Amino acid sequence: MGVEGIGARVARKEDKRFLTGKGRYTDDMTVPGMKYAFFVRSAYAHARILSIDTAAAEAMPGIIAVLGGKQLQADGIGNLICGWMIHSKDGSPMKMGAWRPLAHETVRYVGDAIAIVVADSLSEARDAAEAVVVEYEVLSAVTQASLALADGQPQIHPEAANNIIFDWQLGDGDATDAALARAAHVTEMKIVNNRLSPNPMEPRATLGIYDDAEDHYTCYTTSQNPHVARLVMSAFYNVAPENKLRVIAPDVGGGFGSKIYIYPEEIVCLWASKKTGVPVKWTSDRTEAFLTDAHGRDHETTVKMAFDADHRIIGLKVDTIANIGAYMSLFSSATPTYLYATLLSGQYDIPAIHANVRAVYTNTAPVDAYRGAGRPEATYVMERTIETAARELGVSPVELRRKNFIRSFPHQTPVIMNYDAGDFDASLDAALAASDYAGFPARKAAAAARGMKRGIGMSCYIEACGIAPSAAVGSLGAGVGLWESAEVRVNAVGTIEVLTGSHSHGQGHETTFAQLIADRFGVPMDNVNIVHGDTDKVQMGMGTYGSRSGAVGMSAIVKALDKVEAKAKKIAAHLMEADESDIVIENGELKVAGTDKTLPWFQVALAAYTAHNLPSGMEPGLKETAFYDPSNFTFPAGCYICEVEVDPETGKTQIVQFVAADDFGNIINPMIVEGQVHGGIAQGIGQALLEAVHYDPANGQLITASYMDYAMPRADDLPSFQLSHQTTPCPSNPLGIKGCGEAGAIGSPPALINAITDAIGNNDLSMPATPQKVWLAANVAH
Amino acid sequence: MYATHYHRASSVQDALSLKSAAEDSRYLSGGMTLIATMKQRLAAPTDLVDLRHVEAMKGVTVAGRTVRIGAGTTHYDVASSAALAGVCPAICALASHIGDPHVRHMGTIGGSIANNDPAADYPSALLALDAVIVTDRREIGAADFFTGLFETALVEDEIVTAVTFEAPEKAGYAKFPNPASRYAMTGVFVTKGAGGVRVAVTGAGSDGVFRHAGLEQALSARWSPDAVAGVAVDPSNLMADLHASADYRANLVKVMTKRAVAAA
Ligand SMILES: Cc1cc2nc3c(=O)[nH]c(=O)nc-3n(C[C@H](O)[C@H](O)[C@H](O)COP(=O)(O)OP(=O)(O)OC[C@H]3O[C@@H](n4cnc5c(N)ncnc54)[C@H](O)[C@@H]3O)c2cc1C
């Protein structure tokens, strides 16, 4: 490893602009003649729209237009769709109801968009939006999924009887039932995975620009995947054909999944720009973000884990009800199915698994992937259950896990996944050592002497990243392939531009990707530029989510680099009159091995472009494109151990130690990886201790619509994390990378809840473990 | 935010006349509550009269054990006043935990008590300190000043100019913050002095800040953290919301009292 190469702790190139306020976000974009949009939104969770009167609003100062869903539909703009088909176990396709970008018949959640107001200023738009009179016939609403599927509940979409979108299964039901029947012990739990609001620092925003002269649209938007945005807006929403639509996702301030999807606002602003003849910008305020950004999680699960007399897990049965919200967001069907049930083997060798998942409409914001997406839910089910089983069986939670670990690879689980590499003992051992697990009883006694209840809990997680082999996901219902693309352009002076289909919104790609190139060719990182986020600049790509940009995005770059290197070596061999196979690249030079003949990198690049003396038949130029389609998922795994002290008088939990031992395969930049883990654990602790979206069950109003009621983790809620890495390189991609973006959020919640329940001696505790809940649980114990 | 007119007052008199000249006006101090409310369009005054530049309303003075805090003094200035820390460190500690540094450098004691948020910290201190709220026209005892949720004895146009109190022999504050907002989910300010023991509770009462007779009696009998152990706190007059039930708040009232005494 060089100072800038693979494995170096290089400070992030992009941080200067982010930390000095020089980032360029969608809301920073201004174009001549630009106007401002404000959306009229439903005040009710469920209602029929009887009439929409815009006359008063249209007469107000500064108003350019007030447009509604009827006009949108008349112009042929389509409904929003979910891009992953799931079939129920009876073979029927999922029951998807219509999501109109602007509702004109029925509204189905508080915040549902009804009309767009375009005005000279934002405050004029907002004033006029207040003057739009919507007459509603209010219908009763239902917000909890397990209630919504019962008889007699409000019916949210005519397509989905009892609000059930699909009733899907995975695994072998008969074998699992047989295992449960013959088990020596069954641990059964009811588990709720709490609903979360994503809260990226930058709220969603979009700027729609229609150019009448060119008949061309430009969409600036806060997207994690601008090409996917363009694809669906062209293919499904009829905004414009792809060649007439440019999507630019400039600096984006965090996404956590919520910016994967296409929302009504992008579509409507583009359409409104054409209708009004002016560029239209919309920026969400924080309240709108709480109301309309796709939420995460919201599962209600029953799990049964069956053990034989020797404490080996012989079967696992899981029944989950997943709240999808009022509409099916872009990948909402995949999150509680193929991103969830496929991870229910955890780190354990389980011969029989069966999962049943019912996805249910409710009168709440759409629910889709949020950091971890399905895998935190699976990990929480597995790791809470095995910890509980250890308590019930009276055995060490460490030994129970060890006894059931998978130790030979590849390992085919009963739920699709084929784990390619891992060493679960290594992470467990590292975490036990780092946490001084053996010394815990003494620390517990010392805490008790101070009147505090100390507890320890662990979680051994595995997740699937590097999404995904295109043919495999296609066979499971995905509407897209999940490869990635890269173009490497070596300029005539030897500097390099890399165009990637990945998108960076906090991950630091401009640094890690440049490190890869610096490492490969020995050129300074400063000579390398990473270009992303613009469909006019970058070839089709699939974007960033599911911790895929290292494993898939960088693998595409490697493939392109291979081609560049091969051509550069041919040119160098020709110029130095040597054999191509003798050329090596070292420290920015091409050398003939075993001689003193060398050519600097830039001279080879220059030769490629002057084309004065190239091997005969060779095309000029040094620029290569590659598409990389992974052969398997990757499987990051690790062990987290959390130690807490609970104040029995108040129920307040303090995290006194948090150890994370992760196997992410090979690591390009340890500092960036640590940052990703820190952020992930902070979000996981947020879920376990603080965060929860609450709707009023009586009327579907969002109660946690601001930070006054939605508790985000703050620095003083968090301990200093102790991190370590164990490395089994991933055999399925050229760099041996597994991915690290979500692990922290996946592995941490069960470790924390296992620790608190250990401290208070009561296992009946749901997330978030607020002081009140912990106090109650601590005081009913014993 | 709706459009509004901004006026900068140079003196209390100036503020009074600017205010009465305007149609639907509000005083503005730190703006930490009022501006946020206006941005959410929950308040729409036609005029704002800014009190932040009225010099006479700023600063902390301590003479013997007599304390005067100008209404326009920021939380930061209260928290960092060495003179005040010399006689009543508990109120400095209280101010140092209000909101975040931004809020503490803008928000004022006058704005806080005029607003009388049931979860605000200062009302408990002023009630327990038996403080006097000085306005442009009269002096109001804290017990009479805080009249209900977001309600005070202030009449239209009346300006809080200062608060005064005699620093007691002992004072302590313990706050259990709401996990989301970090306002007091329950905060208890205790004092022991010539006038006896006073225990004032914020964040918990369904009518706002209140004194608790049972706790005061127990602590009068024996000024010690464990003295509260046998006291019953009736949850029936306490708030219940998403974050805390009345029963849980009743528990916190006792625990925070105990800790406030320990800190005093
Ligand atoms: C993020 C955040 C966190 C916070 N956390 C806490 C907390 O933990 N604890 C806590 O107690 N508070 C908290 N606050 C509130 C803060 O203390 C405010 O400073 C206070 O509530 C209002 O003071 P202000 O000076 O900003 O008043 P303003 O917002 O300017 O005014 C508030 C009200 O008082 C009136 N007013 C202002 N000054 C006077 C006066 N001199 N005479 C008569 N009327 C007047 C105004 O007209 C208005 O109605 C928080 C605020 C924020 C934004």
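Analysis parameters
Residues numbered from 1 in each chain as written. Chains lettered and ligands numbered in written order. Predicted model: local features only at pLDDT ≥ 70, side-chain atom pairs only at ≥ 80, totals over all residues. Heavy atoms only, no water. UniProt positions renumbered as here; feature names shortened; annotations may be inferred. Helix = DSSP H or I, 4+ residues; strand = E, 2+ residues; numbered from the N terminus. Buried < 20%, exposed > 50% of the residue type's maximum accessible area, 1.4 Å probe, protein only. Polar contact = N/O pair within 3.5 Å; in protein donor to acceptor, adjacent residues only side chain to side chain. Contact = heavy atoms within 4.5 Å. Pairing = 2+ DSSP bridges. Axes fitted to C-alpha atoms, helices over the stretch in contact; angles between N-to-C directions. Buried area = accessible area lost by both parts, 1.4 Å probe. Salt bridge = Lys/Arg side-chain N within 4 Å of Asp/Glu carboxyl O. Near = heavy atom within 4 Å. Areas by Shrake-Rupley, 256 points an atom, 1.4 Å probe, with all protein chains shown as cover. Nonpolar A, V, L, I, M, F, W, Y, C, P; charged D, E, K, R; others polar.

### Quick notes on the UniProt feature "domain: FAD-binding PCMH-type" (unreviewed entry) in chain B
Thinking step 1. Per the UniProt record, "domain: FAD-binding PCMH-type" (unreviewed entry) is found at residues 1–170 of chain B.
Thinking step 2. The distance from the first to the last C-alpha atom of residues 1–170 of chain B is 45 Å, and the span holds 35% helix and 24% strand.

### What to know about unusual backbone geometry
Thinking step 1. Geometrically, the link from A:Phe409 to A:Pro410 is a cis peptide bond, its omega value of 0° lying close to zero.
Thinking step 2. We note that A:Ala611 has phi near 60°; this positive angle belongs to a residue other than glycine.
Thinking step 3. Using a relative accessible area of 33% as the deciding quantity, one classes A:Ala611 as partly exposed.
Thinking step 4. With phi around 45°, B:Asn116 is a residue other than glycine that occupies positive phi space.
Thinking step 5. Inspection of the secondary structure puts B:Asn116 in the loop between helix 7 (109–115) and helix 8 (122–128).

### Some details on the side chain of A:His157
Residue and element names in this part refer to chain A.
Thinking step 1. Inspection of the secondary structure assignment puts His 157 in the loop between helix 5 (145–148) and strand 7 (164–171).
Thinking step 2. One polar contact links His 157 to Arg 108, side chain to side chain, over a distance of 3.5 Å.
Thinking step 3. Excluding residues within four positions of it along the chain, His 157 makes contact with Gly 97, Ala 98, Arg 108, Asn 163, Ala 326, Tyr 327 and Tyr 361.

### Thoughts on the sheet that holds strand 18 (residues 453–462) of chain A
All names here are of chain A.
Thinking step 1. Pairing is mixed across the open sheet formed by 4 strands, whose spatial order is 18-26-27-28. Two strands close off the open sheet at either side, each with one partner strand: strand 18 and strand 28 (721–725). Sheet twist, expressed as the average angle between the axes of neighbouring strands with direction ignored, equals 10°.

### Observations concerning the interface of chain B and chain A
Thinking step 1. In this complex, chain B contributes 24 residues to the contact, which on the side of chain A involves 23 residues.
Thinking step 2. Taking both partners together, chain B and chain A bury about 1,900 Å²; carbon and sulfur atoms supply 49% of that area.
Thinking step 3. For the interface between chain B and chain A, the tally reads 7 salt bridges.
Thinking step 4. As a salt-bridge pair, A:Glu649 and B:Lys258 come within 2.2 Å of each other at their nearest N and O atoms.
Thinking step 5. Put simply, chain B and chain A have 14 residue pairs in polar contact (both at pLDDT 80 or more) between them.
Thinking step 6. A total of 8 residues in the side of chain B that touches chain A trace back to one element, the largest contributor, which is helix 11 (residues 246–263) of chain B.

### Section: the site of the ligand
Residue and element names in this part refer to chain B.
Thinking step 1. Near the ligand lie 28 residues; those nearest to it are Tyr 27, Ser 29, Gly 31, Thr 108 and Asp 121.
Thinking step 2. With respect to the ligand, the side chain of Thr 33 contributes an N or O atom lying 2.9 Å from an oxygen atom.
Thinking step 3. In the model, a nitrogen atom of the ligand is placed 2.9 Å from a nitrogen or oxygen of the Tyr 183 side chain.
Thinking step 4. Protein chains bury 90% of the 970 Å² of accessible surface belonging to the ligand in isolation.
Thinking step 5. When residues of the shell around the ligand are traced back to their parent elements, those giving at least two are strand 2 (25–28) and helix 7.
Thinking step 6. The residue makeup of the shell around the ligand, split by class, is 13 nonpolar, 10 polar and 5 charged.

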